[in-house]
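Here's the letter readout for the chains.
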2 protein chains.
Amino acid sequence: MSNTVHDYLTSGPTFAEGEVIARIEAFRKRRPRLRDTIVTLAHGAGGKSSAALVDAVFIEAFRNPVLDARGDGGIVTLPGGERMAFSTDSFVVQPLRFPGGSIGHLAVHGTVNDLAMSGAIPSWISAAFVLEEGFPIDELKEIVADMAAAAAAADVQIVTGDTKVVPRGAADGVFITTAGVGVIPAGRRLSADAVREGDRLILSGPMGDHGMAVMLARGDLAIEADIRSDTAAVSGQVESLLAAAPSTRWLRDPTRGGVGTVCNELAQATGLGVVLDEERLPVRPMVNGACEMLGIDPLYVANEGRFLAVVAPEETDAALDALLADAAGEEAAIIGTIVAEPAATVVLRTGFGGTRIVDMLVGDPLPRIC
Amino acid sequence: MSNTVHDYLTSGPTFAEGEVIARIEAFRKRRPRLRDTIVTLAHGAGGKSSAALVDAVFIEAFRNPVLDARGDGGIVTLPGGERMAFSTDSFVVQPLRFPGGSIGHLAVHGTVNDLAMSGAIPSWISAAFVLEEGFPIDELKEIVADMAAAAAAADVQIVTGDTKVVPRGAADGVFITTAGVGVIPAGRRLSADAVREGDRLILSGPMGDHGMAVMLARGDLAIEADIRSDTAAVSGQVESLLAAAPSTRWLRDPTRGGVGTVCNELAQATGLGVVLDEERLPVRPMVNGACEMLGIDPLYVANEGRFLAVVAPEETDAALDALLADAAGEEAAIIGTIVAEPAATVVLRTGFGGTRIVDMLVGDPLPRIC
């Protein structure tokens, strides 16, 4: 298989060749840049605006060798030489409870999965709560019980926490921020730098279940569908995959911004291209139908129990088999390939044999999804 | 010096002896217990209601050997045998900027200090932001610059972060949650279990500057006073103290709930009594005056750059000298003594030679102070 811009971008009817090349050049120059003077919902959506805000405000100010602009956490080296992953996420999902989970499950799974994406064994979690005055204690207890259950299932301990209360109207019920740490086993190196042309991209399960479950749970859409969030800890699946495919290059969980945005982050970080095969992208029919009704591309819908893995060509089958062996990964699929050209770009090869560029998420079609 | 209930509680005119004993017995039985059905501001104040909420909701659900109900963080043991402190705090202070600092300074100092209280060398910090739609980017940049400056001054790196945005009205400007980790040097053990009768209690500087600075900065009190927050990293002072007084038993920063509440936590954790000497409690005249006008006891006002140390009797002078040697600690003072009786109770020996019981903070006289 040859992996060049010509093969993938001129084989279909979507654009003429010259137009395609021009669009790619324009895209390459279109690094996200912060132009806003106030914070908008798009800055929290995990797409292009989020990247621009992070670059302009946080990376610029906090610049240090460990800070990871695009990753799921920082990796620090302990005095004894061990490498440790450290990650944090705030959770502001609305509603607090949805088919398949709650903010409590998300708060644990989100941080456990970020640690697993660094190759770490997730071990210890902190939990900080900002509560709105008047929030029912019983509801808080249920959320906390979900966190405890999620932590037990993921084999992590919640070892420290904090509680703040703000007056009515100064927050919306409850926000939870978790942080987590875990040691990375010796010799394990996952990095975008290790990704090579010809590597394959695996997605561990169907796209978009979480985002659509939360969206429908809000009840302001006239859509009834049996869609459950995929929220889950993926650390067990990651260990199975790494045992079967020890040359695995890079892992990432496609939460906010979805698979489309994370593939763009991969393309930007590596300078390589990512070609996605539309027909191989796993999406449940219910989710696909809901997305079509809402005019949302499932490539941009958040997942909370899936991950993307870039694996070595020769280990691709072993990696896939390792995921398929387990119920959680029974819909895992090889969804794409790493190519040299178009550089730093994601393209989707459509079912009709055409291609289109997949940009990062723009705007925020699904606010407060996690 | 003899340290018994009789010496300290019957030497003054405040109560008759029988009354004192009866009050102590009642106090001992008055463990905080959660009776509320909704969250109130008092649950976030760091006093009795906070303790009740933490006990009933979080400790109960997350119970594990590492989880520390009363401490400033969890201490975990890494695979290589090193002990590491892990701590988190959310910051919801209003206003965001006040004389002496901002929410950005607090967010770094708060977590750095919690780590230092465990005896750890604070090293790495995470920062998660919940932003309200419409928040000015320039104001965010200033806060982030304060965090960067505070981190540099405290010699810690901000290595990972997260940003969420909620719609207008769903939060109040910005909430920041930091977590931090740091390794505890081998052989260093700080614990309430090590505290003994006859140990002395040192406070590293004047009480209440932070709480009063924030309170006055709100501007709805008709008090004008030049009071600046004491927000600062105390990790350097802690290292000086531990070098001079290596048998130091226990450290704690009296943030929410103030010195009075933290002394009660010490008394409850050790089962011993704490006798505070009113005349030795350092309070700036301006702060004292503002407290008197507001009817607030400085013992319950939050500090963000002070710590309490329980030191061995024979190392007390060395410990105090180590603090006094530095400008930050020039008002450090020996404020009390650990006694066997009254057990699990804090008493204040007043300037008139009388005594009164110092309870934990009840209610929330100063909401959103950190």
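Values in this document were obtained by computation on a predicted structure and should not be read as measured data.

Focus on the overall build of chain A
For chain A, the helix and strand inventory stands at 10 helices and 14 strands. For 370 residues, the compact-globule estimate of 2.2 N^0.38 gives 21 Å, and the C-alpha radius of gyration of chain A, at 20 Å, lies within 12% of that figure. Structurally, chain A occupies a C-alpha span of about 60 × 55 × 45 Å along its principal axes. Relative to its 370 residues, chain A shows a buried fraction of 63%. When contacts within chain A are restricted to residue pairs at least 6 apart in sequence, long-range pairs at least 24 apart make up 82% of them. Across chain A, the mean location of the 30 positive side-chain charges is 6 Å away from that of the 48 negative side-chain charges.

Here we look at the UniProt feature "domain: PurM-like C-terminal" (unreviewed entry) in chain A
The positions that UniProt labels "domain: PurM-like C-terminal" (unreviewed entry) are, in the present scheme, residues 196-347 of chain A. A distance of 17 Å separates the end C-alpha atoms of residues 196-347 of chain A, which is 34% helix and 16% strand.

So, the interface of chain B and chain A
Taken residue by residue, the interface counts 82 residues in chain B and 82 residues in chain A. Among the residues of chain B in contact with chain A, Val39(B), Phe86(B) and Ile137(B) are the three that bury the most area, contributing 11% of the side total. Applying the counting rule to chain B against chain A returns four salt bridges. Note that Arg256(B) is salt-bridged to Asp162(A), the shortest N-O span being 2.9 Å. For the pair chain B and chain A, the interface holds 21 residue pairs in polar contact (both at pLDDT 80 or more). Of all the elements in the fold, those that place two or more residues in the side of chain B that touches chain A are α3 (48-62), β1 (74-77), β2 (83-91), β5 (121-132), α5 (137-154), β6 (157-166) and β7 (174-184) of chain B. Take the side of chain B that touches chain A: its biggest share by element is 10 residues, from β6(B). Residues of the side of chain B that touches chain A, tallied by class, amount to 46 nonpolar, 21 polar and 15 charged.

Section: helix α8 (residues 258-270) of chain B
Each α-helix turn comprises 3.6 residues. Residues three or four places apart therefore point the same way. For α8(B), spanning 13 residues, the distance from its first C-alpha to its last is 19 Å, which sits close to the expected 18 Å at 1.5 Å a residue. Following α8(B) by one or two positions, Gly271(B) has its phi on the positive side, about 75°.

Looking at the relation of the copies chain B and chain A
Placing chain B over chain A gives an RMSD of 0.0 Å and needs a rotation angle of 180°, together with 0.0 Å of translation along the axis. Within this description, the copies of the chain are treated as partners about a two-fold rotation axis. If distances are taken from each C-alpha of chain B to the rotation axis, the shortest is found for Ala171(B), at 2.0 Å. Taken as a fraction of all interface residues of chain B, those also at the interface in chain A reach 100%, which identifies the copy contact as same-surface.

Describing unusual backbone geometry
Residues Gln94(A) and Pro95(A) are joined by a peptide bond in cis, for which omega reads 0°. You can see Pro95(A) is positioned in the loop between β2 (83-91) and β3 (97-98). Omega for the bond connecting Glu341(B) with Pro342(B) falls within 30 degrees of zero, at 0°, which places this linkage in the cis form. Positive phi, close to 60°, is recorded for Asp155(A), a residue that is not glycine. The residue Asp155(A) is located in the loop between α5 (137-153) and β6 (157-166) in this model. Even without being glycine, Arg368(A) reaches a positive phi, approximately 50°. Tracing the backbone through its elements, the reader meets Arg368(A) in the segment after β14 (355-357).

Things to note about the nonpolar core
Within soluble globular proteins, side chains that are nonpolar generally end up buried alongside one another. Judged by nonpolar contacts, the single largest core of 54 residues is most densely connected at Phe129(B), Leu131(B), Leu140(B), Met147(B) and Met212(B). Secondary-structure elements contributing two or more residues to this core are α3 (48-62) of chain A together with α4 (103-117), β5, α5, β6, β7, α6 (209-217) and α9 (285-294) of chain B. A per-element tally of this core places α5(B) first, with nine residues. When sequence neighbours within four positions are dropped, the list of residues in contact with Met212(B) reads Ile227(B), Val287(B), Ala290(B), Cys291(B), Leu294(B), Ile296(B), Val301(B) and Leu366(B). Core analysis: the next-biggest nonpolar cluster, separate from the first, contains 53 residues, Ala107(A), Ile143(A), Ile158(A) and Met212(A) among them.

Some remarks on the sheet that holds strand β7 (residues 174-184) of chain A
Residues and elements named next belong to chain A. The five strands lie next to each other as β1-β2-β7-β5-β6, forming an open sheet whose pairing is mixed. Because the sheet does not close on itself, it has two edges, and the strands there are β1 (74-77) and β6. Along the sheet, successive strands turn relative to each other by an average axial angle of 20°, direction set aside. As defined by bridge partners, β1 adjoins β2 across four bridges and the pair is classed as antiparallel. Across the sheet, Thr77 pairs through a bridge with Arg83, a residue of β2. Each of β2, β5 (121-132), β6 and β7 is contacted by helix α4 (residues 103-117), which is oriented at about 150° to β2, the strand it contacts most.

Some thoughts on the packing of aromatic side chains
With the rule as written, the count across this model stands at six aromatic pairs over all chains. Ring plane angle 85° and centroid distance 6.4 Å describe the contact between Phe86(A) and Phe86(B), whose orientation is recorded as edge-to-face. In this pair, Phe86(A) is assigned in strand β2 and Phe86(B) in strand β2, connecting two distinct chains. Accessibility assignment for this pair places Phe86(A) and Phe86(B) in one class, buried. Aromatic pair Phe129(A) and Phe58(B): ring centres 4.6 Å apart, planes at 40°, arrangement tilted. Taken together, the residues span two chains, with Phe129(A) in strand β5 and Phe58(B) in helix α3. Summarising the burial analysis for this pair, Phe129(A) and Phe58(B) share the class buried. Put simply, the rings of Phe58(A), Phe62(A) and Phe129(B) touch in pairs and so form one group of aromatic residues. In this structure, Lys164(A) packs its charged tip against the face of Phe91(B), placed 5.5 Å from the ring centre.

A word on the sheet that holds β5(B)
Residue and element names in this part refer to chain B. Strand order in the open sheet made by the five strands is β1-β2-β7-β5-β6, with mixed pairing throughout. The sheet terminates laterally at β1 and β6, the two strands that pair on one side only. Across the sheet, the axes of successive neighbouring strands diverge by a mean angle of 20°, strand direction being ignored. The sheet contact formed by β5 and β7 spans 10 bridges and is antiparallel. The partner of Ala128 across the bridge, within β7, is Thr177. Strand contacts of α4: β2, β5, β6 and β7, with the helix running at about 150° to β2, the strand carrying the most contacts. Against the sheet, α5 contacts β5, β6 and β7, and its axis sits at roughly 170° relative to β5.

Side note on the pattern of salt bridges
In the structure shown here, the tally under the stated rule is 31 salt bridges over all chains. Across the pair Arg97(B) and Asp146(B) runs a salt bridge, and its minimum N-O distance is 3.0 Å. Separated by 49 residues along the polypeptide, Arg97(B) in strand β3 (residues 97-98) and Asp146(B) in helix α5 bring together distant segments of the chain. Arg97(B) gets classed as partly exposed once you look at its relative accessible area, which sits at 40%. Asp172(B) is the partner of Arg368(B) in a salt bridge, and the nearest nitrogen-oxygen pair spans 2.8 Å. One end of the pair, Arg368(B), is in the segment after β14 (355-357); the other, Asp172(B), is in the loop between β6 and β7, and 196 residues separate them in sequence. The structure contains a network of salt bridges with shared partners spanning Asp89(A), Arg256(A), Asp162(B) and Lys164(B).

Reading guide: rules and limits
Residues numbered from 1 in each chain as written. Chains lettered and ligands numbered in written order. Predicted model: local features only at pLDDT ≥ 70, side-chain atom pairs only at ≥ 80, totals over all residues. Heavy atoms only, no water. Helix = DSSP H or I, 4+ residues; strand = E, 2+ residues; numbered from the N terminus. Rg over C-alpha atoms; globule rule 2.2 N^0.38 Å. Buried < 20%, exposed > 50% of the residue type's maximum accessible area, 1.4 Å probe, protein only. Contact = heavy atoms within 4.5 Å. Lys, Arg positive; Asp, Glu negative; His and termini not counted. Charge placed at Lys NZ, Arg CZ, Asp CG, Glu CD. UniProt positions renumbered as here; feature names shortened; annotations may be inferred. Buried area = accessible area lost by both parts, 1.4 Å probe. Salt bridge = Lys/Arg side-chain N within 4 Å of Asp/Glu carboxyl O. Polar contact = N/O pair within 3.5 Å; in protein donor to acceptor, adjacent residues only side chain to side chain. Nonpolar A, V, L, I, M, F, W, Y, C, P; charged D, E, K, R; others polar. Expected span 1.5 Å × (residues − 1). Least-squares fit on C-alpha atoms with pLDDT ≥ 70 in both. Core = buried A, V, L, I, M, F, W, Y, C linked by side-chain atoms within 4.5 Å. Pairing = 2+ DSSP bridges. Axes fitted to C-alpha atoms, helices over the stretch in contact; angles between N-to-C directions. Phe/Tyr/Trp six-rings, centres within 6.5 Å; stacked < 30°, edge-to-face > 60°. Lys NZ or Arg CZ within 6 Å of the ring centre and 35° of its normal.

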